[in-house]
Amino acid sequence: MARPRNIKISFIKTPSPFFTFLPVSPFTSLLNKFPSLRIHRPYSSSRPRSYLFVFFLLILLSLLGLSLLRLVSVSQNPSPSFLTLLSPPPSHPPFASPSSKNHEPVVLSRSATMPLPAHPVSGNATAEEAEFWAQPDGKGYRPCLDFTIQYRKASAKISKEKQKFLVVVVLGGLNQQKIQIVDAVVIARILEAALVVPVLAVDQIWKDESEFSEIFDVDHFKRTLQADVRVLNRGGVLILGGMYSKLSKNLPLDLQKLRCKVAFHALRFVSPIQELGDKFARRLWIKGPYIALHLRLEKDVWVRSGCLTGLGPEHDDIIRKIRESQPRLLTDRLNMTNTQRRLAGLCPLNALQVARLIKALGAPRTAQVYRAGGEPFGGAQALHGLVEEFPNVVTKEMLAREGELSPYINRSSAMAALDYIVSLRSDVFLPSSGGNMGSAMQGHRAYLGHRKFVKPNHRGIVGLLEDTSISEAEFSSIMKKMHRRHQGQPEKRTNERSSSRGVTAYPVPECMCRHGNRSLLRS
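A brief report on the enclosed structure follows. The shown structure was predicted, so the numbers you read here are calculated from the model rather than taken from an experiment.

**Looking at the environment of His486**
Move 1: Along the chain, His486 turns up in the loop between α20 (472-482) and β16 (512-514).
Move 2: Overall, His486 belongs to the partly exposed group, its relative accessible area being 34%.
Move 3: Residues His486 and Pro136, 350 residues apart in the sequence, show an inter-C-alpha distance of 9.8 Å.
Move 4: When sequence neighbours within four positions are dropped, the list of residues in contact with His486 reads Phe453, Val454 and Lys455.

Structure follows, in structure tokens:
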């Protein structure tokens, strides 16, 4: 038996190999083209596939030292794995072909979400309030997804792939899943494989069992990407549980553009969710401009971050006991104390801190504030500081009319999608902490014309909030100066300080270019 050929793609970072069940001949060209993908080729013989599969599985177990490796059907609850590459027997294709219905390609210039118009500043607004609602200067940047001729020539073959199939199980909450779906499409393109509609794993925290087709518009996803990869429906296919893999943030230009195409064009929510989110946004917008705040105040956030809640010893003690009983939940910086984390800017801002910040930046007391996020730990007490300063705080539950949210009870992904839509439409957006929602909103708002996005300077804010000698006027002046260049202005993905930021958070310059009043969008 010949030795398996080990190869590796420099921009795919993976602690484990991709698992493949492919005959040698169809995969030879892929091995030659990308000498960096690690692949184990099975022994070619006339033995039945079942014996070959068992033998190959035993080899994997011995090589990788895995104590447990499970085969599960995608129709059941899959084990949390990220990528699997399969080649089905020709006589039993497990994937449904794309429907001929609505098979026309999507026009990219019409497929991106259109923002609601920015409100003109009222004549009664003070200069400070007018500055707060003012949108940043986009400096002429517009979307530009003009792929190279080499990419488009390769698409003719890749988009018709019928022998190699990539199966993806994505983990976490909605925005984390979106990031993984974007990377999965790019990996399918690199491997020249067809992509099976992704599986959304059931998260241990959110317990949401939604299918991809219940959150995202599958037909739109397929049609938008039909020139890039072939996307197929799932059938009765087995998934081999693997380990998490991810792509480098620095890829060739065409693949960076593909990331933007998936994130900002292909991943559209299903019509019922999109339309309901639009209704909520319009109910706010018709009354005037509004701020969207993504407040991460849920119990799991405090447990995982290692930070104090700011709600007093009783609530902090509850979090401490959970953290001590489940130390694996603490995700980072295990050697730091609560105080060290806070002063280093690693803790989410609480409701009172957010209220002080937006007030200092010029938000009027009468401003409409949309609160995105889950139920805060501590309930009304956790929100007291915000509501006291800005009484017009609303949530999707408050905006909904009778029965509108009934289909989405206990469906956290759908609820998060509604928050995403309303936040994307807002005049101003501010996240209380870093994370997937903040990154997704930063990039999407930039792509739609650099709508105002305030990125809090956590480290700078905390020390000043605790300094009682500073007056409100002085605090306001410092906050405005500190955040003047962090309000959604065009910012290049790579610079002398950072070379590894994601293109879907920083779409300039790969996905947005300066070219007058013309957008370069090609499907």
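**A look at the state of the cysteines**
Move 1: Using the criterion set out here, one finds 3 disulfides in the structure.
Move 2: There is a disulfide in this structure between Cys260 and Cys511, and the S-S distance comes to 2.0 Å. Handedness of the Cys260-Cys511 disulfide follows from its S-S torsion of about 90°: it is right-handed. Taken together, the positions of Cys260 in helix α9 (residues 253-266) and Cys511 in the loop between α20 and β16 put the pair 251 residues apart, joining distant regions of the chain.
Move 3: With relative accessibility at 0%, the residue Cys260 sits in the buried group.
Move 4: A relative accessible area of 0% places Cys511 in the buried class.
Move 5: With its sulfur 2.0 Å from that of its partner, Cys307 forms a disulfide with Cys347. The S-S bond linking Cys307 to Cys347 shows a torsion near -90°; that makes this disulfide left-handed. One end of the pair, Cys307, is in the loop between α11 (299-305) and α12 (313-325); the other, Cys347, is in the loop between α13 (338-343) and α14 (351-360), and 40 residues separate them in sequence.

**Concerning the sheet that holds strand β13 (residues 393-394)**
Move 1: Spatially, the 5 strands line up as an open sheet ordered β13-β12-β11-β14-β15, and their pairing is parallel. What marks the edges here is a single partner per strand, and that holds for β13 and β15 (452-453).
Move 2: Both strand β12 (residues 368-372) and β13 contribute to a ladder of 2 bridges, which runs parallel. Bridge assignment links Tyr370 to a residue of β13, and that residue is Val394.

**Details of unusual backbone geometry**
Trans peptide bonds make up the majority, and among non-glycine residues the majority have a negative phi.
Move 1: In this structure, the amide linkage connecting Val508 to the following residue, Pro509, adopts the cis form with an omega of 5°.
Move 2: Along the chain, the position of Pro509 falls in the loop between α20 and β16.
Move 3: Notably, Lys139 is not glycine yet its phi reads approximately 55°, a positive angle.
Move 4: Along the chain, the position of Lys139 falls in the loop between α4 (127-133) and β4 (141-145).
Move 5: Of note, Asn410 is a non-glycine position whose phi angle comes to about 65°, a positive value.
Move 6: Inspection of the secondary structure puts Asn410 in the loop between α16 (396-399) and α17 (412-425).

**As for the environment of Val121**
Move 1: Inspection of the secondary structure assignment puts Val121 in the loop between α3 (108-111) and α4.
Move 2: On the basis of relative accessibility, which here comes to 42%, the residue Val121 falls in the partly exposed class.

**Concerning helix α18 (residues 436-447)**
Move 1: If you check α18, its first and last C-alpha atoms are 16 Å apart, about what 12 residues at 1.5 Å a residue would give, namely 16 Å.
Move 2: For α18, the tally of buried residues reaches 10 of 12 residues, placing the bulk of the element in the interior.
Move 3: Those residues of α18 that fall on the buried side of the exposure criterion are Met437, Gly438, Ala440, Met441, Gln442, Gly443, His444, Arg445, Ala446 and Tyr447.
Move 4: Just downstream of α18, Gly449 is the residue with a positive phi angle, here 120°.

Analysis parameters
Residues numbered from 1 in each chain as written. Predicted model: local features only at pLDDT ≥ 70, side-chain atom pairs only at ≥ 80, totals over all residues. Heavy atoms only, no water. Helix = DSSP H or I, 4+ residues; strand = E, 2+ residues; numbered from the N terminus. Buried < 20%, exposed > 50% of the residue type's maximum accessible area, 1.4 Å probe, protein only. Contact = heavy atoms within 4.5 Å. Disulfide = S-S within 2.5 Å. Pairing = 2+ DSSP bridges. Expected span 1.5 Å × (residues − 1).

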